[in-house]
Amino acid sequence: MKKYLSTIILSLFIISSSNAQDAKDIMRKVIDRNDGTTEISRVRLSTCRVIKNGQKYVCADTPRVKVLDMVRKDYGPNEKDHKSVSIIIEPASEKGIGFLQYDYEKRDQDTDQWLYLSALGKVKRIVSGNENEPKTGSFFGTEFSYEDMESIRLEDYSYKILGSETYRKHACWVIESIPEKKRARKSNYSKIMDWIDKKRYIAHKSILFNRQGKKVKKIYNNHIEIIDNILVARKILVFNLETKRRTYLTYEKIALNKEVQDIFLTQRTLTDSVFRESTLKKYQSYLK
Amino acid sequence: MNNLFFYPIIVFLLITLIAFSASTHAQSIFDSDDDLIFEPDENSHVLSDERFDTDSAFDDDAIIDDDAVFSDEVLFQEERQTKNEHADSWYHNQILKDSRFTLGYDFSNNLALKPSFVTHDTYLRSEIQTLLTDKLFFQFDGRTNLLFDNDHRTQAHNKSIFINSNLRELFFQMGFDQFNITVGRQIVVWGKADTQIITDVVSLRDNSDFIFIKLEDSRFGQLMLSSDIYTQWGNLFIFVSPKPLTDNEPDQDTQYYIEIPGLDQIIIIDDKPTYADTEFGIRWKKNWDKIDLSLMAGYFFDNTSIYHFSRIDLVQRKPIIEKIYHPYEMIGMAASYVSGAYLFKIETAYKNRLSLQKVDAVNFDIGAIEKNIVDIGLGIEYNANGRYQISGEISNRFIPGATNHLIFTNKDSTSIYTTFTKDFLNDTLMLEYIFFYHVQEQNNFHQFRLTHDITDNFQMISSCTFFSMKDKESLLWFYRNEDRLSVTFQYYF
């Protein structure tokens, strides 16, 4: 009897430890999935408060819409350092505002951000905030927080496979990610559940839990397409269960792995109008 | 026997595992409230409905509302977009696309004495930023104001309606690999300080409405030939201005005009810089990791004038006073360093032969005294991780040597400026609080400003300003009763 009991216990232990290992391996594949060394895109962000109309959530007010031209390039040995430029196209009241942002893979290195306000005519360094506590600001007034837009570092979380299920006709693993102590200190979330496509290693859906352990956001990746040989979710929906607001992030046009000059990802782009506009025009000819 | 006893347990465990696995395919056991159905983003018609069929997040849930996808509004937008794409008019396609218009309505009331209108106007601002060819860029920024009869500027001109226009910028920029050349009327902004003018001396400012014009609206361009040169050792900016312009001061009889007793007994001649008075300067700028550094140098004409007694007009038997804009040289430095939630700023300038106003009433000596001056400003900004922002700035001007005949000027002039900013309503409502304090004069003012984006293109800005002036010898004493409530509506299209 002892023999069988110890066999079962050992088997369960092996299953659970290999599960943990598998979960991390799966998430490694998700995080390391090729997202292109460069990205040129026109992004539309549409946000509104929703109310339930029958079975469906509909906008209760006119959506707030922002359209941005974005250019990103990855750097570093693992291509985990990112430089990006975003220029606001719409709304008219914010037209011409530019952001330059440098994100680093290194855990303790703060993001560098510069803002160009065309009305003010100068480049201003932005203070991104304290890295040791959660950031509350939203990304361009949408339901995406800056944390939602950050790249995930594999080592910042512990992972567990909760199970498998079919979601939107795709076989998925449901994986739970719990932030490690250091990450937990500065994260708005205490837990994330992801529905990971078993074939393509892309999340179809994510549920984010706040620091009190309550569901706070659901994120859906839609219109998953292969563009320039890279898997891209062209439409992302985030629904904030607390504020009852939703944001659609849509890649209206996108091109990946096209040549982007290093000089374009510097302050020159913010202030040198002729350089910015002529280079963007060239880049936009790649867009699909 | 033992084996027979444990087989059913193992089989039971396996069956449970299989049943559990099967159930997850039928309905999510991990997300019990997975019943969210959203209408699609109606205005985003770029991703066609075909894609919804193949890989929609919602196709299992019948979330897509076909009616919405094919709603009239969307069809109209598609039609409009198609029209834009097929219109071959250069004017239609490019100039309009790259233009922005702002229609504004503004009024303000004086709160300190009997409430009355100070400003009451409407305006149209037009901005164009367009690429004419791959190497040529054009920028225009102009504004026409229509001032109603109860506006202080209309009343000063004794009219029922007063119309004025101003051209902020009009320039062409030619681009090359490592540099650009810009010709025309342009605004140049230097330095890091938000209040005191330390190195930001190039572009003139509009002071006609005292402190009530926002800094970004108060700057005006002047005719310049300039070039930005981009190198691995940093960026250089060089400019030459053949006829520098000077600050716009309040017109006579307007609300913020300082009435000097006996002015009608004096003839004033405004001796503005001419084409012979060329201004020029250079700035070098570089960024290292968390540090941004700029160094500047130049030869400038002061944007504010100095009054000089010239002579007696023998015909009118009145003294003639000339307003002269004196030249000076400046070298300056501005730097910032960011660390976590803090941004530290420093800016300093040494101004050689800067002219200050001298009035020796005993000897009737009105003119300029040249001084070598040091201006310095230190600032800090704190971002509470998106909850709010606080900034503080302290600046000082030190004048060496005797200062006894200088008017409205202290040997040390120190001012403190603090701001608090917080966003509400998903970043559509911004509250700003500004506090300014002059240490030597003990004058101060508080300003509260609310900016509300009512829609994406319609904005309301309201502000309340309260002054507390203590020093009767200071220039700000003249504005002790100018507490003001201002409201502006702006529509962008």
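Residues numbered from 1 in each chain as written. Chains lettered and ligands numbered in written order. Predicted model: local features only at pLDDT ≥ 70, side-chain atom pairs only at ≥ 80, totals over all residues.

Check the secondary structure of chain A and you find five helices and 14 strands. The C-alpha atoms of chain A give a radius of gyration of 21 Å, which matches the 19 Å a tight globule of 288 residues would have. Taken along the three principal axes of its C-alpha coordinates, chain A extends 80 × 50 × 40 Å. Out of the 288 residues in chain A, the part that is buried amounts to 38%. Across chain A, every contact between residues at least 6 apart in sequence was considered, and the portion connecting residues at least 24 apart equals 47%. (Helix = DSSP H or I, 4+ residues; strand = E, 2+ residues; numbered from the N terminus. Rg over C-alpha atoms; globule rule 2.2 N^0.38 Å. Buried ≥ 20, exposed ≤ 12 C-beta atoms within 10 Å, placed from the backbone. Contact = placed C-beta atoms within 7 Å.)

Bringing the overall build of chain B into the picture now. Along chain B, the regular secondary structure elements total seven helices and 23 strands. Per-residue burial over chain B gives 25% buried out of 493 residues. Pairs at least 24 apart in sequence give 56% of the contacts found in chain B among residues at least 6 apart.

We now examine the pairing of strand β5 (residues 179-186) of chain B. Remember that side chains alternate between the two faces of the sheet whenever the strand is regular. All names here are of chain B. Relative to β5, strand β4 (residues 162-175) is paired through six bridges, and the arrangement is antiparallel. Bridging across to β5, F171 finds its partner in G184. In sequence, β4 turns back onto β5 through a hairpin of three residues. (Pairing = 2+ DSSP bridges.)

Another aspect to go through is the environment of A402(B). In this structure, A402(B) sits in the loop between β18 (389-398) and β19 (412-424). What makes A402(B) exposed here is the crowd of 10 C-beta atoms within 10 Å.

Residue and element names in this part refer to chain A. Counting 33 residues, the largest nonpolar core has I236, L237 and L249 as the members making the most contacts within it. For this core, the elements supplying multiple residues, two or more each, are β1 (38-53), β3 (64-75), β4 (81-90), β12 (215-227), β13 (230-240) and β14 (245-256). Among the elements that make up this core, the one with the highest residue count is β14 (six residues). (Core = buried A, V, L, I, M, F, W, Y, C linked by C-beta atoms within 7 Å.)

Residues and elements named next belong to chain B. Across 11 bridges, the pairing between strand β12 (residues 291-301) and strand β15 (residues 327-339) is antiparallel. Residue D292 lies in a different strand from β15, and its bridge partner there is S336. Both β15 and strand β16 (residues 342-360) contribute to a ladder of 11 bridges, which runs antiparallel. Among the inter-strand pairings, A334 is bridged to a residue of β16, identified as E347. From the end of β15 to the start of β16, which pair antiparallel, there are two residues, and G340 there has a positive phi angle of about 60°.

Residues and elements named next belong to chain B. Read from one edge to the other, the open sheet built from three strands follows the order β10-β14-β13, with strand pairing classed as mixed. The open sheet has two edge strands with one neighbour each: β10 (267-271) and β13 (306-313). Averaged over all neighbouring strand pairs, the angle between strand axes comes to 25°, with direction disregarded. The pairing of β10 with strand β14 (residues 318-324) spans five bridges and is classified as parallel. Pairing of I268 across the sheet is with I321, part of β14. (Axes fitted to C-alpha atoms, helices over the stretch in contact; angles between N-to-C directions.)

Compared with an ideal rise of 1.5 Å per residue, which puts 12 residues at 16 Å, helix α5 (residues 273-284) of chain A spans 16 Å between its outermost C-alpha atoms and is within 8% of the ideal. Listed in full, the buried residues belonging to α5(A) are S273(A), V274(A), F275(A), R276(A), E277(A), T279(A) and Y283(A). (Expected span 1.5 Å × (residues − 1).)

Another aspect to go through is the confidence of the model for chain B. Residue and element names in this part refer to chain B. Summarising the model, chain B shows a mean pLDDT of 85, and 83% of its residues fall at 70 or more. Every residue in residues 18-26 is under pLDDT 50, and counting partners more than four places away or in other chains gives eight contacts. Every residue in residues 48-87 scores below 50 in pLDDT, and together they form 44 contacts with partners more than four places removed in sequence or on other chains. Among the scores for the predicted complex, ipTM is 0.86 and pTM is 0.84. (pLDDT = per-residue confidence, 0-100.)

This brings us to unusual backbone geometry. Residue P91(A) is reached from E90(A) by a cis peptide bond, and omega for that bond is 5°. Unlike most non-glycine residues, Y201(A) shows phi in positive territory, near 55°. Take Y201(A): it is sitting in the loop between β10 (189-197) and β11 (203-210). Backbone geometry places Q442(B), a non-glycine residue, at a positive phi of 60°. Tracing the backbone through its elements, the reader meets Q442(B) in the loop between β20 (429-438) and β21 (444-453).

Time to look at the confidence of the model for chain A. Low-confidence regions, as indicated by low pLDDT, have predicted coordinates that should not be scrutinised in detail. Of the residues in chain A, 93% have a pLDDT of 70 or more, and the chain-wide mean is 90. Note on residues 12-18 of chain A: pLDDT is under 50 here. Beyond four places in sequence and across chains, it has zero contacts.

Residue and element names in this part refer to chain B. Residue placement: K318 occurs in strand β14. K318 sits 53 residues away from Q265 along the chain, and the two C-alpha atoms are 6.0 Å apart. If we ignore the near neighbours within four places in the chain, the residues touching K318 are Q265, I266, I267 and D313.

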